[in-house]
Amino acid sequence: MRNRFLPTLATCIFLFFGTSCRQDEPVPPASPSSPAPAMLRVAYVVDGQPLAFDTLMYTNEGGTVYSVTHLEHYLSELVLIGSGGTPNDTLHGPWYVNAANAVDLDLGTLRAGQYSGATMLLGLPPALNVTGALPNTLANINMAWPDPMGGGYHFIKFEGHFMAAEVPTGFAMHVGKNEFLPVCTMLGSFTTTGNGGTLKLTFNLNEVFRTPHIYDLNSGNYSMGSMALMGQLRDNCANAFTLEYLP
Ligand SMILES: [Cu+2]
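Sequence order sets the numbering: in each chain, residues are counted from 1 along the sequence as written. Note on the predicted model: pLDDT of at least 70 is required for a residue's local features to be given, and 80 or more for side-chain atom pairs to be given and counted; whole-chain, interface and lining totals, by contrast, use all residues. The basis for every side-chain value is the complete set of heavy atoms in the structure, and neither hydrogens nor water enter the calculation.

Some points on the overall build of the chain
Here is the rule: Helix and strand assignments come from DSSP, with helices taken as H or I runs of at least 4 residues and strands as E runs of at least 2, each series counted from the N terminus. Exposure categories follow from relative accessible area, calculated using a 1.4 Å probe and restricted to protein chains: below 20% of the type maximum is buried, above 50% is exposed, and the middle band is partly exposed. Method for areas: the Shrake-Rupley scheme with a 1.4 Å probe, in which residue coverage is limited to the protein chains shown.
Along the chain, the regular secondary structure elements total three helices and 14 strands. Considering the chain as a whole, with its 247 residues, one finds that 41% of them fall into the buried category. When the accessible surface of the chain is split by element, carbon and sulfur atoms take 59% of a total near 12,700 Å².

Structure (structure tokens):
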């Protein structure tokens, strides 16, 4: 009788403490089912060649040989255009990118869906294009648009040298002001998985000089302050990006 009772008691004690101990434990995180963050990557090319800085090796649509010494810009309001029942998904940003040290940017969770393309601002929405609207980081301070010219921020600074009558000459394609904000359209369908992945934007710098205006660096190597030149650059930048999703 003793021999049969003791193991039963021991089992009861074990179950009691075992159960109560288990109840005190925090619920372990369900790591396999937590979605990984998606990333945003910006790649820079000149008609398919990866961008290399400081070398007079590119030729634009106007036939001018040029180099790139400096390239920084903002991106914002990336709208993924839903298809097949998926609603649009807007990723607001803004994101500051310096092409010389572009890193992948964390987008957080990107939901699963089917998309037919995207639109994006190469710059900042009007609500943020106000002096002091962005945090006072060194990058943002360096992107400031002068208050006497309306304030806010440069949307893009694209600088380099070009051959003007066989003489290397500097150029600075600076664009700012709300009326010259490029709205970029990226066509092409893609499907996001809802778990990680990378939205890869590719910026083709030759498009800045190509369509709909063949931009001649010889007739305007410093765009800032020229409504006509900034208008051309705004229009040309509208189709300068392509987008793909890498699962
Ligand atoms: Cu400027």
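Resuming the write-up.
What to know about the side chain of asparagine 98
Defined as follows: In this description, contact between two residues means that some pair of their heavy atoms is separated by no more than 4.5 Å.
Its place among the elements puts asparagine 98 in strand β7 (residues 95-98). For asparagine 98, a relative accessible area of 18% puts it in the buried group. Here asparagine 98 is in contact with Leu71 and Glu72, once residues within four sequence places are set aside.

What about the environment of isoleucine 214?
Structurally, the position occupied by isoleucine 214 is in the loop between β13 (198-204) and α3 (227-237). With relative accessibility at 54%, the residue isoleucine 214 sits in the exposed group.

Notes on the coordination of the copper ion
By definition of the ideal shapes, four donors in a tetrahedron about a metal sit 109.5 degrees apart, and six donors in an octahedron sit 90 or 180 degrees apart. Heads up, the rule is: Think of the donor list as every N, O and S atom within 2.8 Å of the metal, or within 3.2 Å for Na, K and Ca; water never makes the list, so a site can look incomplete.
Those protein atoms acting as donors to the copper ion are His154 (NE2), His174 (ND1) and Met224 (SD), and they sit at 2.0 to 2.1 Å. In the primary structure, the donors to the copper ion are separated according to the pattern H-x19-H-x49-M. Of this pair, histidine 154 sits in strand β10 (residues 154-164) while methionine 224 is found in the loop between β13 and α3, placing the two residues 70 residues apart along the sequence. The exposure class assigned to histidine 154 is buried, which follows from its relative accessible area of 4%.

Observations regarding the environment of threonine 192
Looking at the secondary structure, you find threonine 192 in strand β12 (residues 183-192). Judged by relative accessible area, threonine 192 falls into the buried class, the value being 3%. It is 7.0 Å that separates the C-alpha atoms of threonine 192 and tyrosine 245, two residues lying 53 residues apart in sequence. The residues contacting threonine 192, other than those within four sequence positions of it, are Leu110, Arg111, Ala112, Gly113, Tyr115 and Tyr245.

Re α3
Residues lying three or four places apart along an α-helix face the same way, a consequence of the helix completing one turn every 3.6 residues. Three or more residues of α3 are buried, namely Leu229, Met230, Gly231, Leu233, Asn236 and Cys237. Its buried side turned inward, α3 meets β11 (167-176), β12 and β14 (241-246).

With respect to the pairing of strand β5 (residues 70-82)
Our working rule: Only strands joined by at least two bridges in the DSSP assignment are considered to pair.
Strand direction decides the pairing type here: β5 and β10, joined by four bridges, are antiparallel. Looking at β10, one finds that histidine 70 is bridged to glutamate 159. As paired strands, β5 and β7 are joined by four bridges and run antiparallel to one another. Each bridged residue has a counterpart across the sheet, and for glutamate 72 the counterpart in β7 is asparagine 98. As defined by bridge partners, β5 adjoins strand β9 (residues 113-121) across five bridges and the pair is classed as antiparallel. Residue pairing across strands places leucine 80 opposite alanine 118, the latter belonging to β9. If you look at the hairpin formed by β5 and strand β6 (residues 89-91), you'll find six residues sitting between the two strands, and glycine 84 has a positive phi there, around 60°.

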